[in-house]
Amino acid sequence: MSALYEQLHLPSSSFSSFSSFSSLPSSSSPAFAQDVLDGLAHRQRRIPCQWLYDHLGSLLFERITQQPEYYPARTEIAILEQVAGQVAEAAGPHATLIELGSGSARKTPIVLRALDRPAAYVPVDISETFLASTTRTIAAGFPRLKVVPCVADFTRLTSLPPELPAGRRVVFFPGSTIGNLDPAAAEALLTRIGRVVGAGALMVIGIDHTRDPARMVRAYDDAAGVTAAFNKNLLVRINRELRGDFDAEAFHHVARFDSEQRRIEMHLVSARTQRATVLGRAFDFAIGQSIHTENSYKPSPFQFLAMAHRAGWRQEQLWVEGAAGYAVHVLQSVSSPSSSSFSSL
Ligand SMILES: C[S@@+](CC[C@H](N)C(=O)[O-])C[C@H]1O[C@@H](n2cnc3c(N)ncnc32)[C@H](O)[C@@H]1O
């Protein structure tokens, strides 16, 4: 049983209605199975976006960040390169950097190099094998740094690994990943993380505040088709891990902006009438019927800061790249630390 399976394992009572779980392929997660079967049973079919990130999904996401249309990554890197010294000054010496949704950690060395003798680095990610390769890369680049990877769903994190040195905690949450959560879930996550790291900890968080819908849609539907491949890979993963038989080529990738909710939505839209089965269950699709696979909320800086404040974080610093509308915020936690012992899920 893989570590990911263990970390994501839910109480068996959660699955009492799904007798076919007993025959899940060994590489798959019951939580993935439950989210897919639940999500496909809704009228608007939907699957939570963390499942886009198996190893290939993580590689494809990295490729997305290199597309010319994908302004968030290069804008955030440019901001971090300019302000890393100020972040390091605010953090002080011997800080422990905890990165939520670390992915390839391409931006992390900018912060690690600026920090004064960082004590440890904790990359947290749901994509297990990709996290292992990121850990090796960072450990090779920073041989004296203690690197403690954590395979976990960050929305369920309750405490940090016990072997971390004392010293200030600095949460690094780049990539506008928080925008993948709906506002209530984002606030709950910030509250939870504040309790895990305790008062005085900092959070360096990147978030897209763009107001240009056409620019956003292009970023999530690049001309080279990388985002389309990333989205369709979810069906390939379902086929492999959940005995599915989706024809990924019979679905179109669609990105659209919902102006009321201020979010980009990604969908997989059925190109024809078809039936797909997952773990022995059949799901019929009409032409044009979609599976909603990702949201990317674009709150205003004011909306975001109001939410952070309600979640127990105070604004320290803010840098916005005007043309792109992308921002890096530094927040400080005013929450009391929770006393729970380490268990990431
Ligand atoms: C938008 S990508 C950002 C990657 C990287 N931080 C960057 O800035 O390029 C989101 C990352 O968060 C991870 N992720 C998504 N949902 C997660 C969850 N619930 N728990 C842990 N990791 C998650 C994904 O595997 C992926 O690496």
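Look a little higher up for the structure.
In this text, all values refer to a predicted model and were calculated from it rather than measured experimentally.

Q: Tell me about the environment of Arg117, and name the residues and values.
A: Examined against the element boundaries, Arg117 turns out to sit in the loop between helix H5 (108-114) and strand S3 (120-125). Each C-alpha atom of the pair Arg117 and Arg144 lies 9.5 Å from the other, and the pair is 27 residues apart in sequence. If near-sequence neighbours (up to four positions away) are discounted, Arg117 is found in contact with Pro93, His94 and Ala95.

Q: Requested: an account of the packing of helix H7 (residues 183-197) against helix H10 (residues 301-310), with residues and values cited.
A: Running from N to C, H7 and H10 cross one another at 45°; their axes reach a closest spacing of 8 Å. The angle between the axes of H7 and H10 places the two elements in the oblique class. You can see that H7 and H10 cross each other, and the crossing is right-handed. From H7, Pro183, Ala186, Glu187 and Leu190 reach across to H10, where they touch Phe304, Met307, Ala308 and Arg310. For the contact of H7 with H10, the residue count by class is six nonpolar, no polar and two charged.

Q: With reference to specific residues and values, describe the site of the ligand.
A: Not every one of the 17 residues close to the ligand is listed here, only the nearest: Gly101, Lys107, Asp125, Asp153 and Phe154. Lys107 places a side-chain nitrogen or oxygen 2.7 Å from an oxygen atom of the ligand. Of the residues in the shell around the ligand, the class split is six nonpolar, seven polar and four charged.

Q: Just give me the short version of the sheet that holds strand S1 (residues 45-46), but keep the residues and values in it.
A: One open sheet holds the four strands; their spatial order is S1-S12-S9-S8, and the pairing between them is mixed. A single partner strand is all that each edge strand has here, and the edge strands are S1 and strand S8 (251-258). Of the pairings in the sheet, the one linking S1 to strand S12 (residues 290-297) comprises two bridges and is parallel in character. For Arg46, the partnering residue across the bridge sits in S12 and is His292.

Q: Quick rundown of the pairing of strand S2 (residues 96-100)? Include the residues and the values.
A: The buried count for S2 comes to five of five residues, which makes it a mostly enclosed element. Going residue by residue along S2, you find Thr96, Ile98 and Leu100 tucked away on one face and Leu97 and Glu99 tucked away on the opposite face as well. When S2 meets S3, the two strands line up parallel, connected through five bridges. When the sheet's bridge partners are listed, Leu100 is paired in S3 with Val124. In the classification by handedness, the crossover that spans S2, the intervening H5 and the parallel S3 is right-handed. When S2 meets strand S6 (residues 169-173), the two strands line up parallel, connected through four bridges. Its bridge partner being in S6, Thr96 is matched across the sheet by Arg169.

Q: I'd like a description of the packing of helix H3 (residues 55-64) against helix H9 (residues 226-241), backed by residues and values.
A: As a packed pair, H3 and H9 sit with axes 9 Å apart at the nearest point and diverge in direction by 160°. Considering the angle they form, H3 stands roughly antiparallel to H9. When the axes of H3 and H9 are compared, the crossing they make is left-handed. Across the interface between the two elements, Leu56, Gly57, Leu60, Phe61, Arg63 and Ile64 of H3 pack against Val226, Thr227, Ala229, Phe230 and Asn233 of H9.

Q: Lay out unusual backbone geometry in plain terms, naming residues and giving numbers.
A: In this model, His94 sits at a positive phi of 60°, which is unusual for a non-glycine residue. Structurally, His94 can be placed in the loop between helix H4 (71-91) and S2. Located in the positive-phi region is Leu279, a residue other than glycine, with phi close to 50°. Structurally, Leu279 can be placed in the loop between strand S10 (274-278) and strand S11 (281-285). Residue Leu279 is classed as buried on the basis of its relative accessible area, which comes to 4%.

So, how was this worked out
- Residue numbers run consecutively from 1 along every chain, following the written order of its sequence.
- It should be noted that, the model being predicted, local features are given only for residues of pLDDT at least 70 and side-chain atom pairs only at 80 or more, the latter also being counted only at that level, while totals for whole chains, interfaces and linings use all residues.
- In computing side-chain properties, one takes all heavy atoms of the structure into account and sets aside hydrogens as well as water.
- The helix and strand labels rest on DSSP assignments: H or I over at least four residues marks a helix, E over at least two residues marks a strand, and numbering proceeds from the N terminus.
- By definition, residues are in contact when any of their heavy atoms lie within 4.5 Å.
- All axes here are fitted lines through C-alpha atoms, helices being fitted over the stretch that makes contact, and every angle between N-to-C directions spans 0 to 180 degrees.
- The labels follow the angle: roughly parallel below 35 degrees, roughly antiparallel above 145, roughly perpendicular from 65 to 115, and oblique for the rest.
- By convention, the crossing between two helices is left-handed when the near helix turns anticlockwise from the far helix through less than a right angle, and right-handed when the turn is clockwise.
- Under the convention adopted here, Pro, Cys and the residues Ala, Val, Leu, Ile, Met, Phe, Trp and Tyr are nonpolar, Asp, Glu, Lys and Arg are charged, and Gly plus all remaining residues are polar.
- Nearness is judged by heavy atoms alone; a residue qualifies as near a molecule or strand once a single heavy atom is within 4 Å of it.
- Distance and chemistry together define a polar contact, namely a pair of N or O atoms within 3.5 Å, with one atom able to donate a hydrogen and the other to accept it when in protein, and with adjacent residues in sequence counting only for side-chain atoms on both sides.
- One requirement defines pairing of two strands: DSSP has to find at least two bridges between them.
- A 1.4 Å probe rolled over the protein chains alone gives each residue an accessible area, and that area as a share of the maximum for its type sets the label: buried under 20%, exposed over 50%, partly exposed in between.
- With its strands directed away from the observer, a crossover is right-handed exactly when the path from the first strand over the helix to the second travels clockwise.

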